[in-house]
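Single-letter residue listing:
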Amino acid sequence: MRKVISVPAHEAITPVADEQYLDLADERYKIFWVPGHSDGQICLFRERDGVFLAADHVLPRITPNIGLYSEYQRPNPLADYLNSLAKVAGLPASVVLPGHGEPFANLAGRTAEIAAHHEERLAHILSLLHEQPQHAYALTEQLFGARLKNDEAKRMAVAEIISHLEYLPSSRPG
C-alpha cells in the first residue's frame with residue numbers, strides 16, 4: 001500500500017484555515033472549509049473572476065454522500081453539510097468547477113436544490129418512521145432499493161441514512 005499511497009512528511013504540508021487566502025499559480029483564492037461530505041474538505045473561490053472550485057461539495061446532478069461513519073469525528077455531518085452549503089450559497093460565482101461532472105453556473109440555485117433534496121429525504125424518513133419504528137438498514141432498503149448493488153453502495157447508503165437520523169432531533173422543534 002505504501003507504494004500506491006505516498007504521504008509527504010508533515011513538514012511539507014501547509015495547514016490552511018477557513019476564509020484564509022491562498023496564492024496558487026499566480027492566482028489568489030479564498031479558502032472555504034466545508035465539512036459534511038468529508039471533515040477536511042475545502043473549496044476555493046477566486047474573487048477576481050468568480051471561479052469557484054467546488055470539489056465534491058456542490059455537484060451538478062447528484063448530491064455528495066453525507067454519511068456518519070464514526071461518532072468520534074463529526075457527530076452530525078448533515079448539519080455540518082447544510083451549514084457549509086449556506087456558507088457558500090451567496091458567493092458571486094461566475095462558474096462552478098465540481099469534482100465530478102461538468103462545470104455549471106448558478107451556485108445559489110444548485111445549493112438550494114441540494115438543501116431541498118435533504119429536506120425531502122428527512123420528511124420521507126420521518127413518514128416511514130411514523131408508519132412503524134425501524135432500523136437504519138430497513139430505511140436504507142426502502143429509500144435506495146435497487147440502487148444497492150454491492151456492499152460498498154450499501155455501506156455508503158446506510159451511513160447516509162444514519163447521518164439523516166442523527167440530524168433529525170436537532171432539526172425539529174420540541
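Refer to the structure printed above.
Remember, it's a predicted structure, so these values are computed and weren't measured experimentally. (Residues numbered from 1 in each chain as written. Predicted model: local features only at pLDDT ≥ 70, side-chain atom pairs only at ≥ 80, totals over all residues. Heavy atoms only, no water.)

**A closer look at the pairing of strand E5 (residues 95-98)**
- Of the two faces of E5, only one is covered, namely that formed by Val96 and Pro98; the face formed by Val95 and Leu97 stays uncovered.
- Alignment of strand E4 (residues 51-55) against E5, held across 4 bridges, turns out to be parallel. Looking at E5, one finds that valine 51 is bridged to valine 95. (Buried < 20%, exposed > 50% of the residue type's maximum accessible area, 1.4 Å probe, protein only. Helix = DSSP H or I, 4+ residues; strand = E, 2+ residues; numbered from the N terminus. Pairing = 2+ DSSP bridges.)

**Some remarks on the side chain of histidine 118**
- Mapped onto the elements, histidine 118 comes out in helix H2 (residues 107-131).
- Of the polar contacts made by the side chain of histidine 118, one reaches the side chain of histidine 164; its length is 3.0 Å.
- When residues no more than four places from it in sequence are discounted, the contact partners of histidine 118 are Thr63, Ile66, Leu78, Tyr81, Leu82, Glu160 and His164. (Polar contact = N/O pair within 3.5 Å; in protein donor to acceptor, adjacent residues only side chain to side chain. Contact = heavy atoms within 4.5 Å.)

**Focus: the layout of surface pockets**
- By volume, the largest pocket amounts to about 350 Å³.
- Lining the largest pocket we find 14 residues, and of these Thr63, Asn65, Phe144, Arg147 and Glu160 sit closest to its centre.
- Looking at the lining of the largest pocket, the elements with two or more residues in it are H2 and helix H4 (151-171).
- Ranked by residue count, the leading element in the lining of the largest pocket is H4, at 4 residues.
- By residue class, the composition of the lining of the largest pocket is 7 nonpolar, 3 polar and 4 charged. (1 Å grid on protein atoms, 1.4 Å probe; cavity = no way out; pocket = protein on both sides within 12 Å on 5 of 7 lines; lining within 4 Å. Points joined across faces, edges and corners; volume = space filled by probe spheres on them. Nonpolar A, V, L, I, M, F, W, Y, C, P; charged D, E, K, R; others polar.)

**A look at H2**
- Taking 1.5 Å per residue, 25 residues should reach 36 Å; H2 reaches 37 Å between its end C-alpha atoms and fits that length.
- For H2, the full list of buried residues reads Leu107, Arg110, Thr111, Ile114, His118, Arg121, Leu122, Ile125 and Leu128. (Expected span 1.5 Å × (residues − 1).)

**Considerations on the pattern of salt bridges**
- Counting across every chain of the model gives 10 salt bridges.
- Notably, a salt bridge pairs arginine 110 with glutamate 113, separated by 2.9 Å at the nearest N-O pair. Remark: glutamate 113 and arginine 110 occur in helix H2; sequence separation between them is 3 residues, near one turn of the helix. (Salt bridge = Lys/Arg side-chain N within 4 Å of Asp/Glu carboxyl O.)

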